[in-house]
Amino acid sequence: MAASVGVCRLHMRGSEKLIRCCLGVLPQSKRRLATTTSHLKTRAVKQTATSAKEIKSFQAIQEERREQAERSVLINCPAKINENKFLDDLSKHGPINKHFFYNSYGTYAVVEFSSRESILSLKERTNIPAVQHEAAVPFKSRLLSVKQTGSGSNSVPNFKEHSPPTINDIIKLLSEQDSIDEQLLCLTEALQLTEENISLRFLVCSLLRDIAAAYFPECIIRPFGSTVNSFGKLGCDLDMFLDLDGIYAPSQKSGSGVSLEYQVKRGASERVVTQNILSVVGECVDKFGPGCVGVQKILQARCPLVRFAHQPSGFQCDLTANNRVAMKSSELLFLYGTLDPRVRHLVFSVRCWARVHAVTSSIPGPWITNFSLTVMVLFFLQQRSPPILPTLDQLKELSGASDKCVIESNDCTIVSDLSKITVQNNTDTLVTLLQEFFEFYGNFPFNKASINIRKGKDQIKPETSALHIQNPFESALNVSKNVNATQLERFVALCRESAWLLQQREVLNRSSSQSDESVSPWGFAALLLPSVTAGAGVKSRRKRKLEPASSRIKNLLDSLKIKGADAAAKKGSNNHRR
Ligand code: GTP
Ligand code: MG
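Note that the structure is a prediction, hence the values are computed from the model and not measured. (Residues numbered from 1 in each chain as written. Chains lettered and ligands numbered in written order. Predicted model: local features only at pLDDT ≥ 70, side-chain atom pairs only at ≥ 80, totals over all residues. Heavy atoms only, no water.)

Participant: How do you make sense of the nonpolar core when you look at a structure like this?
Facilitator: Inside soluble globular proteins, nonpolar side chains tend to come together where they are buried. Counting 83 residues, the largest nonpolar core has W353, Y441, F446 and F491 as the members making the most contacts within it. Apart from the residues within four sequence positions on either side, F491 is in contact with W353, V359, I368, L373, M376, Y441 and F446. (Core = buried A, V, L, I, M, F, W, Y, C linked by side-chain atoms within 4.5 Å. Buried < 20%, exposed > 50% of the residue type's maximum accessible area, 1.4 Å probe, protein only. Contact = heavy atoms within 4.5 Å.)

Participant: Is there a simple way to think about the site of ligand 1 in this case?
Facilitator: What surrounds ligand 1 is a group of 16 residues, the closest being S226, D237, D239, N370 and N471. Here an oxygen atom of ligand 1 and a backbone polar atom of A326 are 3.3 Å apart. Measuring from an oxygen atom of ligand 1, one finds a side-chain N or O atom of N370 at 2.8 Å. For ligand 1, whose accessible area on its own is 600 Å², the fraction buried by protein is 79%. Residue assignment for the shell around ligand 1 shows that the elements contributing at least two residues are α11 (324-339) and α13 (370-382). The element best represented in the shell around ligand 1 is α11, accounting for three residues. Grouping the amino acids of the shell around ligand 1 by side-chain chemistry returns five nonpolar, seven polar and four charged. (Near = heavy atom within 4 Å. Polar contact = N/O pair within 3.5 Å; in protein donor to acceptor, adjacent residues only side chain to side chain. Areas by Shrake-Rupley, 256 points an atom, 1.4 Å probe, with all protein chains shown as cover. Helix = DSSP H or I, 4+ residues; strand = E, 2+ residues; numbered from the N terminus. Nonpolar A, V, L, I, M, F, W, Y, C, P; charged D, E, K, R; others polar.)

Participant: Which parts of the structure should I look at to understand the pairing of strand β8 (residues 292-298)?
Facilitator: Side-chain direction in a regular strand flips from residue to residue, so the side chains alternate between the two faces of the sheet. One ladder, built from five bridges, connects β8 with strand β9 (residues 305-310); its direction is antiparallel. Paired with I298 across the bridge in β9 is L305. Between β8 and β9, which pair antiparallel in sequence order, lie six residues. (Pairing = 2+ DSSP bridges.)

Participant: Where do I start with the environment of S72 in this structure?
Facilitator: Along the polypeptide, S72 turns up in strand β2 (residues 72-77). In this structure S72 comes out as buried when scored by relative accessible area, which is 4%. C-alpha separation for the pair S72 and S206, spaced 134 residues apart in sequence, amounts to 9.0 Å. Among the polar contacts listed, one links the side chain of S72 to the backbone oxygen of Q68, at a separation of 2.8 Å.

Participant: I keep staring at the pattern of salt bridges and nothing clicks. Help me out?
Facilitator: Pairs can form between side chains of opposite charge once their charged atoms are near each other. Taken as a whole, this structure holds 31 salt bridges when the rule is applied. Between R142 and D210 there is a salt bridge; the shortest N-O distance is 3.0 Å. You can see R142 sitting in the loop between α5 (116-124) and β5 (143-145) and its partner D210 sitting in helix α8 (residues 195-212), a full 68 residues away along the chain. Each of E63, R66, E70, R116, R222, D243, D245 and R324 takes part in one network of salt bridges that share partners. (Salt bridge = Lys/Arg side-chain N within 4 Å of Asp/Glu carboxyl O.)

Participant: Help me understand empty space enclosed by the protein in this model?
Facilitator: The method is simple in principle: a probe with the dimensions of a water molecule rolls over the atoms, and the space it marks as empty is what remains. Tallied over the entire structure, the rule returns five cavities of 30 Å³ or more. In this structure, the largest cavity encloses a volume near 100 Å³. Lining the largest cavity, in full, are R65, Q68, A69, S72, K98, H99, F100, V110, V111, E112, S199 and F202. Of all the secondary-structure elements, those providing two or more residues to the lining of the largest cavity are α3 (58-70), β3 (96-103), β4 (107-113) and α8. A volume near 70 Å³ is recorded for the second largest cavity. If you trace the second largest cavity, you find it lined by F139, S141, L143, V204, L207, L208, I211, G289, P290, C292 and H310. With four residues, α8 is the single largest residue contributor to the lining of the second largest cavity. Grouping the amino acids of the lining of the second largest cavity by side-chain chemistry returns eight nonpolar, three polar and no charged. (1 Å grid on protein atoms, 1.4 Å probe; cavity = no way out; pocket = protein on both sides within 12 Å on 5 of 7 lines; lining within 4 Å. Points joined across faces, edges and corners; volume = space filled by probe spheres on them.)

Participant: How should helix α4 (residues 83-90) be read in this particular structure?
Facilitator: Owing to its 3.6 residues per turn, the α-helix brings residues three or four apart onto one side. If you check which residues of α4 are buried, you get F86, L87 and L90. When α4 is viewed along its axis, its buried side chains cluster within an angular range of 95 degrees and face the same direction. Structural note: α4 exposes N84 and D88 on the side pointing more than 90 degrees away from its buried face. (Arc of directions from axis to C-beta.)

Participant: Please clarify how the sheet that holds β3 should be interpreted in this entry.
Facilitator: Paired through their backbone hydrogen bonds, the strands of a sheet run either parallel or antiparallel. Pairing is mixed across the open sheet formed by four strands, whose spatial order is β3-β4-β2-β5. Looking at the sheet topology across the chains shown, the edges are occupied by β3 and β5. With strand direction ignored, the average angle separating the axes of adjacent strands in the sheet is 25 degrees. Relative to β5, β2 is paired through three bridges, and the arrangement is parallel. Paired with N76 across the strands is S145, a residue of β5. Against the sheet, α8 touches β2, β3, β4 and β5, its axis set at about 100 degrees to β2. (Axes fitted to C-alpha atoms, helices over the stretch in contact; angles between N-to-C directions.)

Participant: Mind showing me how you'd approach the pairing of β9 here?
Facilitator: Pairing of β9 with strand β10 (residues 315-321), which is carried by six bridges, proceeds in the antiparallel orientation. Note that in β10 the partner of H310 across the bridge is F315. Taking the residues between adjacent antiparallel strands as the criterion, β9 and β10 are bridged by four residues, where G314 takes a positive phi near 80 degrees.

Participant: Is there a simple way to explain the packing of α3 against α8 in this structure?
Facilitator: When two helices pack together, you describe them by how their axes are tilted relative to each other and by the distance separating the axes. The N-to-C vectors of α3 and α8 enclose an angle of 65 degrees; their axes lie 8 Å apart at closest approach. Judged on the interaxial angle alone, α8 and α3 are roughly perpendicular. Where α3 crosses over α8, the two elements pack in a sense that is right-handed. The residues of α8 that touch α3, namely those facing Q62, R65, R66, A69 and E70, are E195, I198, F202, L203, S206 and R209. The residue makeup of the contact of α3 with α8, split by class, is four nonpolar, two polar and five charged. (Parallel < 35°, antiparallel > 145°, perpendicular 65-115°, else oblique. Left-handed = near helix turned anticlockwise from the far one by under 90°.)

Participant: Is there a simple way to explain the sheet that holds β8 in this structure?
Facilitator: Taken in spatial order, the five strands of this open sheet run β6-β7-β10-β9-β8, and their pairing is mixed. Each end of this open sheet is capped by a strand with a single partner; those strands are β6 (220-224) and β8. Each neighbouring strand pair of the sheet contributes to a mean axis angle of 25 degrees, computed without reference to strand direction. As defined by bridge partners, strand β7 (residues 238-243) adjoins β10 across five bridges and the pair is classed as parallel. The residue of β10 that forms the bridge with L238 is C317. Along the sheet, α11 makes contact with β6 and β7, crossing β6 at roughly 45 degrees.

Participant: Looking at this structure, how should I read the confidence of the model for the protein chain?
Facilitator: Any segment with low pLDDT has predicted coordinates that should not be analysed in fine detail. Here the protein chain averages 84 in pLDDT, and 80% of its residues register 70 or above. Across residues 1-53, where pLDDT falls below 50, the model places 115 contacts with residues more than four positions away in sequence or in other chains. Contacts of residues 532-550 to residues separated by more than four positions or lying in other chains number 29 contacts, the stretch itself having pLDDT below 50. (pLDDT = per-residue confidence, 0-100.)

Right under this line is the structure:
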């Protein structure tokens, strides 16, 4: 049976305006926004024109990036450096494919050579530094520093931005758009990981692999989660797993000779072996890994991990081992994100909205996680008529023999060839989807129903947790078991408020009398404004039921009017001065 998914309809009205607006704001991220928005139109055209057959598989993309990372080095540079001379010097070791500079606790350059031999040649010409009063661990990694000699340079390289725009910048940027659909496109463009940021993430994995390879030469460190699932936001953590599968690959048969096997140390269980490996690798990262600081071994967690900060990249890193299901979940999310561009725009918007209202948090606790929230968006899109996304069971039915995947007795099989998925003509606009997402979850029967993307229908809740979202590949598990009733109620209350707000004329339409400079937050930007009343949480819920136009909303609308009036008055006085 062919799965049915919606046809992509990107609404590009006013895209020139969008580009112009993006150029006019956010001094820090101006260049990134300008480039990304200018690609919006072409990208949209390409996406509709490109058949699914031409889309590379998830594995092919990961392999390509991993291979590029192995040919790359990360170099700490002086803040002022002659870029051309720097590249000339490095290219003596071989042709350079690409490079970029960025700032994070100093100036860094990522340089990707065409071949790995160049790295060997570069390393041969690189010295272990002589340090005074301390001693250096003589570990030759691909994290290098330019040793300043001579008078230096006065030129500053062209930096790539790696930090997300602030919420105020986002509100300003969105308010300057012409429609809510444009706002949501613009939001994704402003928040999503850049190509350079993704390359840097793969490079950090590759640098860590060099450390782990001292024990396990066949190992690979693979990124998963939001780095690769297409929903990553600038500044998100770097989830990695130590893949030791290459070690188990059968060695060449030795013909009729004696058959040998390795003597191995045994552990009480798979979990104990994983903990031991992570403990040792974590120790090496701590003691030998240049730039790795604040290493914590969290080995008793359900999924044991080593957490640390990688200073040169600025990434917060979580290294796990034996975590194939999470990798498969990342592939699934990537597949859903690739099927229809509206998926990513809606996920980015909902994630951003949830973060601003503290529905999600970077601190572990009883909050909804980004992963759970993403599954909720996917489930909602499966409910549309016609459905925008296929169910997980449909993706399994479309799979071929080579897609078969069983991990720890969980059947994780999904189709990898996207061309097998037939799309249906769903023409919902982003603003419709956003409004209806809030309505859907504002009225969802959380007390008795479970969210299940495998079936694409809600199921009877098998347990008493406040929120039940079936783990896509481990059906006995609830991915939102941590969420308590208070947090769920906050989420529901905020969904209802946002649904209500999106029906208000003042929120829905940009005031035509305002110029780009003085525009008040409207549309999606208005949903990101902080709560006006302190009781915009659970405590005021009873009151809100009696009085749908809650005080928060009233105040919010009042504040919109006041701000609009203030801006108009300010503009008037500026004109007057001129
Ligand atoms: P960010 O918040 O941007 O980091 O999103 P993320 O998707 O990377 O989430 P997170 O870092 O919390 O988790 C990384 C990955 O682990 C997710 O993408 C999932 O693949 C997986 N994961 C996270 N939480 C769960 C869970 O509760 N159950 C299962 N099975 N997998 C999870
Ligand atoms: Mg993550």
